[in-house]
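As a plain string of letters, each chain reads:
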Amino acid sequence: MLSLEKNLRLGLRPLAAALTAFALTAGLSAAHAADDALPKIANKKPLRVGFAQTESNNPWRLAETKSFKDIAAKCGWQVVITDANSSAAKQVSDIQSMIAQHVDLLVFPPREEKPLAPVVLQAKKAGIPVILVDRNIDQSMAKAGRDYITFIGSDFIDQGHRAADWLVKATNGKATIIELEGSTGASAANDRKKGFDEVIAKNPGMKIVASQSGDFARDKGRQVMETLLQAHPDVTAVYAHNDEMALGAIAAIKAAGKQPGKDITIVTIDGTKGGLEAIAAGELGASVQSSPFFGPLACDVAQRYAKGETVPPWVKVSDRFYDKSNVKESMQYGY
Ligand code: AHR
């Protein structure tokens, strides 16, 4: 590292020298932060675990939070839970205050891929181990296995492929589709769109005529669907990135005097109780499961990592698939 004194000796003006020295120091410490070993998980009970939730406005999020509450005692965790109310900025500040409190472990689903990456590096710098669950962050900004222990979650691209494959079959390869996207900037929305669009692009009879965010929320999904239906009254299929938006779309379709499941075929992702009931009622065609039960998985991974076992950078969760052929016996998996 070049010191400020050395810059001065080299004849640089003081302010420029100070800035150069600062930039070099900042650059070097960023590089060091990336190279440093990952923080360890303390071998103590109770372990103070911070769980920073993104929002609590749908059954999926409630089931995820509950899975952490339910596992806490068994895992020897004392869990501190926050709720970011659908704001990435609030989630960042929730996590920063957990870092300031020096929790022993941070576990969270990053609401969006980019805004949550810097706080993962801040935790690492503060010596706090991090496990990401459900959604991931931008791997060019912070990397699993280097900057945080691991990402535990589903393959969202594959979920999009599976939803599209089902829709191609169900419509004999001919459909005019509205896509209801999840929260803008979330890995779940980006990857579910990528996977679905990839398959649709290979099927010339399938056309996506509109694609808009419904923020993974039922009422937003209903509103967006209402507007898009007016612009595209000839639509024959809907792909919603989650069950809640699909249920909102079903309400909008009915309000427009059409029959969901007959006039418009709907495919979605999650496998909530409401989603499974809509399949049983013939209004929803299919739902790819996306499991929200990360508490026990995170506990297991944390304990293995604490014992010194190697944890892969992605602990992949495998998902079921529901349609009318198996919905009756699958009701037990709804949440
Ligand atoms: O990240 C997973 C998605 O986020 C779920 O599909 C959705 O319901 C939730 O809000």
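All of the points below concern the structure found in this document. These numbers come from a predicted model, not from an experiment.

**Considerations on the pattern of salt bridges**
By the definition in use, this model includes 23 salt bridges. One salt bridge in this structure joins glutamate 64 and arginine 61, with 2.9 Å as the shortest N-O distance. Here arginine 61 and glutamate 64 lie together in helix α3 (residues 59-75), a separation of 3 residues that amounts to about one turn. Note on accessibility: glutamate 64 and arginine 61 belong to one class, buried.

**Digging into the state of the cysteines**
Working definition: the covalent bond between the sulfur atoms of two cysteines is a disulfide. All told, the structure shown has 1 disulfide when counted by the stated rule. Between the sulfur of cysteine 75 and that of cysteine 299 lies a disulfide, 2.2 Å long from S to S. Judged by the sign of its S-S torsion, about 100°, the bond between cysteine 75 and cysteine 299 is right-handed. Here cysteine 75, found in helix α3, pairs with cysteine 299, found in helix α11 (residues 294-306); they are 224 residues apart in sequence, far enough to count as distant.

**Some thoughts on the packing of aromatic side chains**
Applying the stated criterion across every chain yields a total of 5 aromatic pairs. When the ring of phenylalanine 51 is compared with that of phenylalanine 68, the centres are 4.2 Å apart and the planes differ by 20°; the resulting orientation is stacked. Placement of phenylalanine 51 in strand β1 (residues 47-53) and of phenylalanine 68 in helix α3 is noted, with a sequence separation of 17 residues between them. An identical accessibility class is assigned to phenylalanine 51 and phenylalanine 68; each is buried. Seen in terms of ring centroids, phenylalanine 196 and tyrosine 239 are 3.8 Å apart; in terms of plane orientation they differ by 15°. Their pairing is stacked. Linking phenylalanine 196 in helix α7 (residues 187-201) with tyrosine 239 in strand β8 (residues 237-240), this pair joins segments that are 43 residues apart in sequence. Both residues of the pair, phenylalanine 196 and tyrosine 239, belong to the buried class.

Rules of the game
- Residues numbered from 1 in each chain as written.
- Predicted model: local features only at pLDDT ≥ 70, side-chain atom pairs only at ≥ 80, totals over all residues.
- Heavy atoms only, no water.
- Salt bridge = Lys/Arg side-chain N within 4 Å of Asp/Glu carboxyl O.
- Helix = DSSP H or I, 4+ residues; strand = E, 2+ residues; numbered from the N terminus.
- Buried < 20%, exposed > 50% of the residue type's maximum accessible area, 1.4 Å probe, protein only.
- Disulfide = S-S within 2.5 Å.
- Phe/Tyr/Trp six-rings, centres within 6.5 Å; stacked < 30°, edge-to-face > 60°.

Without other data, these values stay purely geometric and don't point to any function.
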